[in-house]
Amino acid sequence: MGKKIDGKEISMQIKQECKERVARENLDVTLAVIQVGNDPASTVYVGNKKKACEYIGIHSLSYELPEQTTQQELLELVRKLNRDEKVQGILVQLPLPGHMDEDEVIQTIDPKKDVDGFHPQSVGALSIGQPGFVSCTPAGIIQLLKRSGVAMDGKECVIVGRSNIVGKPMAMLMLRENATVTVCHSHTKDLKEVTKRADILIVAIGKPKFITREYVKEGAVVIDVGIHRNEDNKLCGDVDYNDVEPIASAITPVPGGVGPMTIAMLMNNCVEAKGIQEA
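Worth saying up front: this structure is predicted, and the values here are computed from it rather than measured. (Residues numbered from 1 in each chain as written. Predicted model: local features only at pLDDT ≥ 70, side-chain atom pairs only at ≥ 80, totals over all residues. Heavy atoms only, no water.)

Engineer: Quick question: what am I supposed to make of the overall build of the chain here?
Structural biologist: Looking only at helices and strands, the chain features 10 helices and 11 strands. Along the first, second and third principal axes, the C-alpha atoms of the chain reach 50 × 40 × 35 Å. Scored against the burial criterion, the 279 residues of the chain give a buried share of 50%. As displayed, the chain offers around 13500 Å² of accessible surface, 49% of which is attributable to carbon and sulfur atoms. Mean positive and mean negative side-chain charge positions of the chain (33 and 38 charges, respectively) differ by 2 Å. (Helix = DSSP H or I, 4+ residues; strand = E, 2+ residues; numbered from the N terminus. Buried < 20%, exposed > 50% of the residue type's maximum accessible area, 1.4 Å probe, protein only. Areas by Shrake-Rupley, 256 points an atom, 1.4 Å probe, with all protein chains shown as cover. Lys, Arg positive; Asp, Glu negative; His and termini not counted. Charge placed at Lys NZ, Arg CZ, Asp CG, Glu CD.)

Engineer: Could you clarify how one ought to interpret the packing of aromatic side chains in this entry?
Structural biologist: A ring pair, where both rings are aromatic, is described by two values, the distance of the centres and the angle of the planes. This model, assessed by the stated rule, comprises one aromatic pair. Consider the rings of Phe210 and Tyr215, whose centres lie 5.6 Å apart with planes at 45 degrees: the pair is tilted. Its end group placed over the ring of Tyr55, Lys19 keeps NZ or CZ at 4.3 Å from the ring centre. (Phe/Tyr/Trp six-rings, centres within 6.5 Å; stacked < 30°, edge-to-face > 60°. Lys NZ or Arg CZ within 6 Å of the ring centre and 35° of its normal.)

Engineer: It is not clear to me how the pattern of salt bridges should be interpreted in this structure. Could you clarify?
Structural biologist: Where side chains of opposite charge bring their charged atoms close, a pairing between them can arise. Under the criterion given, the structure shown has eight salt bridges. A salt bridge links Lys217 to Asp199; the nearest nitrogen and oxygen atoms lie 2.7 Å apart. Residue Lys217 is located in the loop between strand S7 (200–203) and strand S8 (221–224), and its partner Asp199 is located in the loop between helix H8 (191–195) and S7; the two are separated by 18 residues in the primary sequence. Exposure remark for Asp199: the relative accessible area of 23% places this residue in the partly exposed category. (Salt bridge = Lys/Arg side-chain N within 4 Å of Asp/Glu carboxyl O.)

Engineer: Sorry, what's going on with the sheet that holds strand S3 (residues 59–65) here?
Structural biologist: Remark on secondary structure: sheet strands pair via backbone hydrogen bonds, oriented parallel or antiparallel. Spatial ordering of the open sheet is given by S3-S2-S4, a layout of three strands whose pairing is parallel. Since the sheet does not close on itself, it has two edges, and those belong to S3 and strand S4 (89–92), each with one partner. Across the sheet, the mean angle separating the axes of adjacent strands is 15 degrees when strand polarity is ignored. Bridge count for strand S2 (residues 30–36) against S3 is seven bridges, and the pairing is parallel. Paired with Leu31 across the two strands is Ser60, which belongs to S3. Strands S2, S3 and S4 of the sheet are contacted by helix H2 (residues 40–56), whose axis makes an angle of about 160 degrees with S3. (Pairing = 2+ DSSP bridges. Axes fitted to C-alpha atoms, helices over the stretch in contact; angles between N-to-C directions. Contact = heavy atoms within 4.5 Å.)

Engineer: I keep staring at unusual backbone geometry and nothing clicks. Help me out?
Structural biologist: With glycine set apart, most residues show a phi of negative sign, and most peptide bonds adopt trans. Here the bond from Leu94 into Pro95 is cis, since omega is 0 degrees, no more than 30 degrees from zero. If you trace the backbone, Pro95 turns up in the loop between S4 and helix H4 (102–108). In this chain, Val254 is followed by Pro255 through a cis amide linkage whose omega measures 0 degrees. Residue position: Pro255 is located in the loop between strand S11 (250–251) and helix H10 (259–278). Of note in this structure, Asp190 is not a glycine but carries a positive phi near 50 degrees. Relative to the helices and strands, Asp190 is located in the loop between strand S6 (180–184) and H8.

Engineer: Sorry if this is basic, but what is going on with the environment of Leu27 here?
Structural biologist: Structurally, Leu27 can be placed in the loop between helix H1 (7–24) and S2. Leu27 gets classed as buried once you look at its relative accessible area, which sits at 16%. Along the sequence, Leu27 and Val150 sit 123 residues apart, while their C-alpha atoms lie 32 Å from each other. Those residues in contact with Leu27, other than ones at most four positions away along the chain, are Arg21, Val22 and Val271.

Engineer: Explain the packing of H1 against H2 here, please?
Structural biologist: Packed helix pairs are specified by the crossing angle of their axes together with the interaxial distance, meaning the distance between the axes. Running from amino to carboxyl end, H1 crosses H2 at an angle of 50 degrees, the nearest separation of the two axes being 8 Å. Considering their axes alone, H1 and H2 lie oblique with respect to each other. Each of Met12, Lys15, Gln16, Cys18, Lys19 and Val22 in H1 lies in contact with H2, whose residues at this interface are Ala52, Tyr55 and Ile56. When grouped by side-chain class, the residues that make up the contact of H1 with H2 number six nonpolar, one polar and two charged. (Parallel < 35°, antiparallel > 145°, perpendicular 65-115°, else oblique. Nonpolar A, V, L, I, M, F, W, Y, C, P; charged D, E, K, R; others polar.)

Given below as C-alpha cells:
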C-alpha cells in the first residue's frame, strides 16, 4: 500500500519557514496580484494567495479588473508595478480572458519580479542552471519528493505532459537532481510501456483518472498534478488514485497533494525576491 505524500503538511512546513525568515530578517515584501474577470477558480486561488501572504507576514496588493479591461490597460498596470520599488513580486492570474495575449502579458513582467517563474528569461535561467524564479508547481513537486525522503539521483523519471507551466520545467528540475528523464505527450507511442519504466511518475495531462495501474511499475512513486471534478462533483486527479495506490510506494492524493505546494512555493519565491533583485 502506497504511502500518502501529504502536500498540506509539507506546504505548512514551507510557509512556516517563510514566516520565520520574514520575521528574523525583518523582510518588507509586497506581492501584487492582478485578476482580470471573475473566473470562479481564479477567485479562489487569489483568495488563497492573499491568506498565505497574511500568514507569512508579507503585504499583498490586489487588482481585480473587469472582464472588458483592454490588453493595453493591463500592460500599463504591469509596467507601473515594474517601476514601483515597494513591489517585489507581480503575479497575473491565468487564464486571462480570450481577447488578451497571455504571452505578451507574461513577457511584460520584469523578470526580477516574476514570482510565478513564467517569463522566458526565468525559464531560460532554469534551463542553464542560473539563479532565477522557478515555476511554483514543479518547484513544489521537488520539495514534496525531497521532504518525503524520495531519492531522485540516478532514478528513472517519466513526466506525462509537456506544458510550459509544469512538464517542461519539471523535466529540467529533475535533470538538476540527476534523474534520468523521459517526457511523454499525446504523440508518444506505447505510453504504457514508457510509464511502466518510471521509478518516479509525474502526471500532468489534464485527463481525469487517465493513469490506471497498467501504466505504473510496482513500487513507483506517483505524483498527480491534475485536478478535476468528477461526475459526483468530487475532486479527482489525472491518476485513478484507488486503482494505483495499492501498487505505488508513495502517491499524492487529490486534493491535498500537489495543490497546496503551488502557493507555498509562490510564498517562497516572494521571500527570495529581494535576493534575486539585488543579485
